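The lines below spell out each chain.
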Amino acid sequence: MSERPEKKILDMAHERDKLAAVLSSMAEGVLALDTDGKTFLVNSAACNMFGINRERALNKHVREVFNNDQLDTLVKETLKSGDAHTLETPDLLPGETVFRLHITPIKGSKGSLGVAITARDITELKRLEKIRVEFVANVSHELKTPLASIKGFVETLKDGALEEPDTARRFLSIIERHANRLNNLISDLLSLSKIESGQIPLELKKIRLLPFINKLIGTFDDRIREKEHTITVDIPKGLTYIYADKALLDQALANLLDNAIKYTPPHGKITISASEEDGQIGLAVSDTGIGIPEADLARVFERFYRVDKARSREMGGTGLGLAIVKHIALAHGGTILADSKPGLGSTFTITFPRLHGEA
Ligand SMILES: Nc1ncnc2c1ncn2[C@@H]1O[C@H](COP(=O)(O)OP(=O)(O)O)[C@@H](O)[C@H]1O
Ligand SMILES: [Mg+2]
């Protein structure tokens, strides 16, 4: 029983439409080349990715479409051997875009039909990978430095400094300081990974703003007095309560206040203020301190980013404080904003939606 030719043609047309629909809905760029290495199919994603005009790209050698030696060689190689290849390259477009290309043979029932090139933009993936690698390198370095000092001072003590009580005491204080630094670093790393993982649900609680902030300031009393800063709390009348995760909010504001105290020379003015607008709550900590140069401002929320590394370390900073604040703000569905003028001061504002939780 043979099918009627019209039906066969219709079926084939239908199949082709289905295939075209699938290809055009794919996020990956797809190019198919015949056994001569000439394009017979270019999907929309490929056109968008590479800024290709489909009509102009059809029936061309891959070299004419991309002008890339490596790709050209691999396509020829796949056509010849039938082996698949993968290529990661930033050279297909000007700029920073990195692509991952899979070059695979297309096998029909009667032998090779050519090769398919599928392309994915992996720029973001590469960026994240780089951040991760840098992060591990940074952590290792930050852990190693205090450890090296501790080891050094212990050696010196063993080699005789122990016999000189004054020197020994001084060395022990230094060791203690480095041990504290290690401790702070590890606590900050743990907090950050806990908040960032998003696995711990927020415990939204009704918080009475004024006592909450006053209590926080209380924990910094000694340092504020030592530097003779003036601290002001400014909360509008109608804003008595907010809902937030109390422990996290406390940590965020403590980090901001800690910075304000640290990076403001003696006799500075620090203000903690709250505001409400369009259902958004804003909590701001501002100071009259050294400020942050504009070029650094966008990066201070990155892990380990400090304007002045030596200065931050000297003051016991881990470089993770603002990264933690940012993730606490994000966890509340909010944002964090930094405003600063070098020499005049900085303001950090956490803004988050008015949340509701249990009382
Ligand atoms: N209030 C501020 N005034 C000036 N610079 C600040 C302030 N807050 C943060 N910075 C800058 O941002 C950097 C990152 O802050 P943070 O993540 O808290 O790290 P750390 O305080 O441990 O150095 C600081 O090293 C400092 O350079
Ligand atoms: Mg800090």
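Residues numbered from 1 in each chain as written. Chains lettered and ligands numbered in written order. Predicted model: local features only at pLDDT ≥ 70, side-chain atom pairs only at ≥ 80, totals over all residues. Heavy atoms only, no water.

A. View of the domain arrangement of the protein chain. When its domains are assigned, the protein chain resolves into domain 1 (5–121), domain 2 (123–200) and domain 3 (201–359). For domain 1 versus domain 3, the separation of C-alpha centres amounts to 53 Å. (Domains from an automatic or database assignment.)

B. How the structure looks around the environment of Thr 39. Looking at where Thr 39 falls in the secondary structure, it is placed in strand 2 (residues 39–42). Look at Thr 39 and you get buried, because its relative accessible area is 2%. With 18 residues separating them along the chain, Thr 39 and Ala 57 place their C-alpha atoms 7.1 Å apart. In this view, Thr 39 contacts Leu 31, Ala 32, Leu 33, Ala 57, Leu 58, Asn 59, Lys 60 and Val 65; residues no more than four positions away in its chain are not counted. At 2.5 Å, the side chain of Thr 39 forms a polar contact with the backbone oxygen of Ala 57. (Helix = DSSP H or I, 4+ residues; strand = E, 2+ residues; numbered from the N terminus. Buried < 20%, exposed > 50% of the residue type's maximum accessible area, 1.4 Å probe, protein only. Contact = heavy atoms within 4.5 Å. Polar contact = N/O pair within 3.5 Å; in protein donor to acceptor, adjacent residues only side chain to side chain.)

C. The site of ligand 1, seen in detail. Of all residues adjacent to ligand 1, which total 21 residues, the nearest are Asn 259, Asp 287, Ser 312, Gly 319 and Leu 322. At 2.9 Å from an oxygen atom of ligand 1 is found a side-chain nitrogen or oxygen belonging to Tyr 263. Between ligand 1 and Asp 287 there is a distance of 2.8 Å, counted from a nitrogen atom to a side-chain nitrogen or oxygen. Within the complex, 97% of the 530 Å² of free accessible area of ligand 1 lies under protein. Elements supplying a minimum of two residues to the shell around ligand 1: helix 10 (246–262), helix 13 (321–331) and strand 12 (345–353). Per element, the largest residue contribution to the shell around ligand 1 is 3 residues, and it comes from helix 10. (Near = heavy atom within 4 Å. Areas by Shrake-Rupley, 256 points an atom, 1.4 Å probe, with all protein chains shown as cover.)

D. Main features of the sheet that holds strand 11 (residues 335–341). Read from one edge to the other, the open sheet built from 5 strands follows the order 7-9-10-12-11, with strand pairing classed as mixed. With partners counted over all chains shown, the strands left at the sheet margins are strand 7 (230–234) and strand 11, one partner each. The average angle at which neighbouring strand axes cross in this sheet is 15 degrees, direction not considered. Note: strand 7 against strand 9 (residues 269–277), 5 bridges, orientation parallel. The residue of strand 9 that forms the bridge with Val 233 is Ile 272. Strand contacts of helix 13: strand 11 and strand 12, with the helix running at about 140 degrees to strand 11, the strand carrying the most contacts. (Pairing = 2+ DSSP bridges. Axes fitted to C-alpha atoms, helices over the stretch in contact; angles between N-to-C directions.)

E. How the structure looks around the nonpolar core. Among the nonpolar cores identified, the biggest contains 51 residues, and Ile 242, Leu 249, Leu 253, Leu 283, Ile 350 and Phe 352 are the most heavily contacted of them. When residues of this core are assigned to their parent elements, the largest contribution, 9 residues, is made by helix 10. When residues of this core are assigned to domains, at least three map to each of domain 2 (123–200) and domain 3 (201–359). Those residues within four positions of Leu 249 in sequence are excluded, and the remaining contacts are Ile 207, Phe 212, Ile 242, Ala 244, Leu 283, Ile 328 and Phe 352. Core analysis: the second largest hydrophobic core is formed by 22 residues, Phe 50, Ile 52, Leu 74 and Val 115 among them. (Core = buried A, V, L, I, M, F, W, Y, C linked by side-chain atoms within 4.5 Å.)

F. Quick look at the pattern of salt bridges. Inspection of every chain in the model, using the stated rule, returns 20 salt bridges. Here Arg 223 ties to Asp 258 by a salt bridge, and the two come within 2.8 Å at their closest N and O atoms. One end of the pair, Arg 223, is in helix 9 (residues 221–226); the other, Asp 258, is in helix 10, with 35 residues separating them in the sequence. One network of salt bridges, in which partners are shared, links Arg 63, Asp 69, Asp 72 and Lys 76. (Salt bridge = Lys/Arg side-chain N within 4 Å of Asp/Glu carboxyl O.)

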